[in-house]
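Listed below, chain by chain, are the residues.
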Amino acid sequence: MTVVRVCARPLLASMFIAGGADAVRRPEHLAPAARPVVDALSDLPGVPARTVNAIRLNGGVQAASGLLLAAGKLPRLSAAVLACTLLPVTWAGHRFWEAEDEDERAQQRIHFLKNLSMLGGLLMAATADEDGHHLLHR
């Protein structure tokens, strides 16, 4: 494994570890933004009906998968799982198109694009083998 990979995985995982742990400990501050998304997804199997429980579940999965990615354990699987958890978080938390205040819209757009960038990194990590060769190239 290259030095770049040894450094890159924990860097990519850091936000998921910190954000996931925070969501587990303090889901209430995320609940207002998450409620519409949880309600929309509540018919899917495994999605808790209570918003705070869904936030805790997503946060726990992010923290655990982030730790696995940072440690280089099951890196493709953990990156894929993180990519899946990032989609509802981005949808719920950074709806810049709904913000009425111009400054708030700009901030939410930045966070939305940041999450898309992280998603790109996760997709790259999920499709690369230990040597860095992308599985789709084979």
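Up top you'll find the structure we're talking about.
Presented here is an overview of the structure given in this document.

Reading the values: rules and limits
Residues numbered from 1 in each chain as written. Predicted model: local features only at pLDDT ≥ 70, side-chain atom pairs only at ≥ 80, totals over all residues. Heavy atoms only, no water. Helix = DSSP H or I, 4+ residues; strand = E, 2+ residues; numbered from the N terminus. Rg over C-alpha atoms; globule rule 2.2 N^0.38 Å. Contact = heavy atoms within 4.5 Å. Axes fitted to C-alpha atoms, helices over the stretch in contact; angles between N-to-C directions. Parallel < 35°, antiparallel > 145°, perpendicular 65-115°, else oblique. Left-handed = near helix turned anticlockwise from the far one by under 90°. Core = buried A, V, L, I, M, F, W, Y, C linked by side-chain atoms within 4.5 Å. Buried < 20%, exposed > 50% of the residue type's maximum accessible area, 1.4 Å probe, protein only. Salt bridge = Lys/Arg side-chain N within 4 Å of Asp/Glu carboxyl O. Arc of directions from axis to C-beta.

**Concerning the overall build of the protein**
Across its full length, the protein holds 5 helices and 0 strands. Along the chain direction, N to C, the helices and strands of the protein fall in the order α-α-α-α-α. By the compact-globule yardstick of 14 Å for 138 residues, the protein fits well, its C-alpha radius of gyration being 16 Å. When contacts within the protein are restricted to residue pairs at least 6 apart in sequence, those whose partners lie at least 24 apart make up 63%.

**A look at the packing of helix 3 (residues 51-71) against helix 4 (residues 75-93)**
Describing two packed helices takes the angle between their axes plus the distance from one axis to the other. Two elements in contact, helix 3 and helix 4, have axes whose closest approach is 9 Å; the angle formed by their N-to-C orientations is 150°. With respect to helix 4, the element helix 3 is oriented roughly antiparallel. Judged by the twist between their axes, the crossing of helix 3 over helix 4 is left-handed. Counted together, Asn58, Val61, Gln62, Ser65, Gly66, Leu68 and Leu69 of helix 3 and Pro75, Ser78, Ala79, Val81, Leu82, Thr85, Leu86 and Val89 of helix 4 form the full contact between these two elements.

**A short note on the nonpolar core**
Ala13, Phe16, Leu69, Ala79, Leu82, Ala83, Leu86, Met118, Leu119, Leu122, Ala125 and Ala126 together form the largest nonpolar core, which totals 12 residues. Secondary structure elements with two or more residues in this core: helix 1 (3-25), helix 4 and helix 5 (102-126). The biggest single contributor to this core is helix 5, with 5 residues. Each residue touching Ala79, except ones within four places of it in the same chain, is listed here: Leu69, Leu122, Ala125 and Ala126. Ala31, Val38, Ala54 and Ile55 belong to the second-largest nonpolar core, a separate cluster that totals 7 residues.

**Here we look at the pattern of salt bridges**
For the structure on display, the rule yields 3 salt bridges. The residue Arg56 makes a salt bridge to Glu28 at a minimum N-O spacing of 3.8 Å. On the criterion of sequence distance, the pair formed by Arg56 in helix 3 and Glu28 in the loop between helix 1 and helix 2 (31-41) is long-range, its members being 28 residues apart. For Arg56, a relative accessible area of 33% translates into the label partly exposed. On the basis of relative accessible area, Glu28 is assigned to the partly exposed category, the value being 48%. Salt-bridge contacts for Arg95 lead to Glu98; the nearest nitrogen and oxygen are separated by 2.9 Å. The class of Arg95 is partly exposed, set by a relative accessible area of 23%.

**Some words on helix 2**
Here helix 2 has its buried residues at Ala31, Ala34, Val37 and Val38. Within helix 2, the buried residues cover an arc of 130° as seen down the axis, which keeps them to one side. Where helix 2 is buried, its residues meet helix 3 and helix 4.

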